[in-house]
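What follows is the residue order along each chain.
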Amino acid sequence: MGLKNSHPKLFPGDIVEYPRNKYFSHFGIYFGERDGVPYVAHLTSRDADTKILLFGRALRSEIKLDPLEMLGTKYKVNNMLDGTHSPRDFHNVVKPAIEDMMGREVTFDILFHNSEHQATLFRYGVKKSQQIELIYEHIMPAWKKLILEKKL
């Protein structure tokens, strides 16, 4: 997940990836500019007062519209599913969906509804998280072994 270009050309509807560490990134949808300031729509629990970190859940998360660089100065475009899924029309589908979701409570769940799931749902209409799928590739064989040994 290296950064090839830390300030790429963005188009409304692009998925913007903000690497956080070796394993995880935060994702949003480029929304466009307002008064010359670029904005990203993203799922965040930043202002949530109810977080269950042990289970990777934040019960009171929401879609927020924030300035692009408020989320980080290192980011890249990662329209990861363009090869297998058609992007939905930004102005007729994605933008209205984002505007409809803003202000509503959404449950953030690291495994089943994280910022990458939300970004792919907006762009493609499909919930998918490649970073979680990579983790599953490592966890599942270990779980299978424990189940076979009747330790889980």
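In what follows, the accompanying structure is described. (Residues numbered from 1 in each chain as written. Predicted model: local features only at pLDDT ≥ 70, side-chain atom pairs only at ≥ 80, totals over all residues. Heavy atoms only, no water.)

**Description of helix H2 (residues 115-124)**
Here's step 1: The element H2 is extensively covered by neighbouring structure, given that nine of its ten residues are classed as buried.
Here's step 2: Those residues of H2 lying buried are Ser115, Glu116, His117, Gln118, Ala119, Thr120, Phe122, Arg123 and Tyr124.
Here's step 3: Capping of H2 at its N-terminal end is provided by Asn114; its side-chain oxygen lies 2.8 Å from the backbone amide nitrogen of Glu116.
Here's step 4: At the exit of H2 stands Gly125, carrying a positive phi of roughly 80°. (Buried < 20%, exposed > 50% of the residue type's maximum accessible area, 1.4 Å probe, protein only. Helix = DSSP H or I, 4+ residues; strand = E, 2+ residues; numbered from the N terminus. Polar contact = N/O pair within 3.5 Å; in protein donor to acceptor, adjacent residues only side chain to side chain.)

**Some points on the packing of aromatic side chains**
Here's step 1: Evaluation of the coordinates by the stated rule reveals two aromatic pairs.
Here's step 2: With 5.8 Å between their ring centres and 55° between their planes, Tyr18 and Tyr75 make a pair best called tilted. Linking Tyr18 in strand E1 (residues 15-19) with Tyr75 in the loop between strand E5 (57-67) and strand E6 (76-77), this pair joins segments that are 57 residues apart in sequence.
Here's step 3: Judged by centre distance (5.9 Å) and plane angle (80°), the ring pair of Phe31 and Phe90 falls under edge-to-face. Taken together, the residues Phe31 in strand E2 (residues 25-34) and Phe90 in helix H1 (residues 90-101) connect sequence positions 59 residues apart. (Phe/Tyr/Trp six-rings, centres within 6.5 Å; stacked < 30°, edge-to-face > 60°.)

**Here's the deal with the nonpolar core**
Here's step 1: By size, the foremost hydrophobic cluster in this structure holds 20 residues, and its most contacted members are Ile15, Ile29, Phe31, Ile63, Val94, Ile98 and Phe122.
Here's step 2: Elements with a contribution of two residues or more to this core: E2, strand E3 (37-44), E5, H1, strand E7 (106-109) and H2.
Here's step 3: Broken down by element, the residue count for this core peaks at four residues, all from H1.
Here's step 4: Excluding residues within four positions of it along the chain, Ile29 makes contact with Gly13, Asp14, Ile15, Tyr39, Val40, Ala41, Phe90, Val94, Ile98, Ala119, Phe122 and Arg123.
Here's step 5: Residues Leu10, Val16, Leu68 and Tyr75 belong to the second largest nonpolar core, which totals eight residues. (Core = buried A, V, L, I, M, F, W, Y, C linked by side-chain atoms within 4.5 Å. Contact = heavy atoms within 4.5 Å.)

**What to know about the environment of Val126**
Here's step 1: Position of Val126 relative to the elements: it lies in the loop between H2 and helix H3 (130-148).
Here's step 2: It is 8.5 Å that separates the C-alpha atoms of Val126 and His85, two residues lying 41 residues apart in sequence.
Here's step 3: In this structure, Val126 is in contact with His85, His117, Thr120 and Leu121, ignoring residues within four places of it in sequence.

**So, the pattern of salt bridges**
Here's step 1: Under the counting rule described, the total for this entry stands at six salt bridges.
Here's step 2: Here Glu133 ties to Lys128 by a salt bridge, and the two come within 2.9 Å at their closest N and O atoms.
Here's step 3: We classify Glu133 as partly exposed; its relative accessible area is 34%. (Salt bridge = Lys/Arg side-chain N within 4 Å of Asp/Glu carboxyl O.)

**Describing empty space enclosed by the protein**
Empty space among the atoms becomes apparent when a probe as large as a water molecule is rolled across them.
Here's step 1: This structure, assessed with the given rule, holds one cavity of 30 Å³ or more.
Here's step 2: Estimates place the volume of the largest cavity at around 30 Å³.
Here's step 3: In this structure, the largest cavity is lined by Phe27, Gly28, Ile29, Ala41, His42, Leu43, Ser115, Gln118, Ala119 and Phe122.
Here's step 4: Within the residue set of the lining of the largest cavity, elements represented by two or more residues are E2, E3 and H2.
Here's step 5: Residue contributions to the lining of the largest cavity peak at four residues, all from H2.
Here's step 6: Of the residues that constitute the lining of the largest cavity, the class distribution is six nonpolar, four polar and no charged. (1 Å grid on protein atoms, 1.4 Å probe; cavity = no way out; pocket = protein on both sides within 12 Å on 5 of 7 lines; lining within 4 Å. Points joined across faces, edges and corners; volume = space filled by probe spheres on them. Nonpolar A, V, L, I, M, F, W, Y, C, P; charged D, E, K, R; others polar.)

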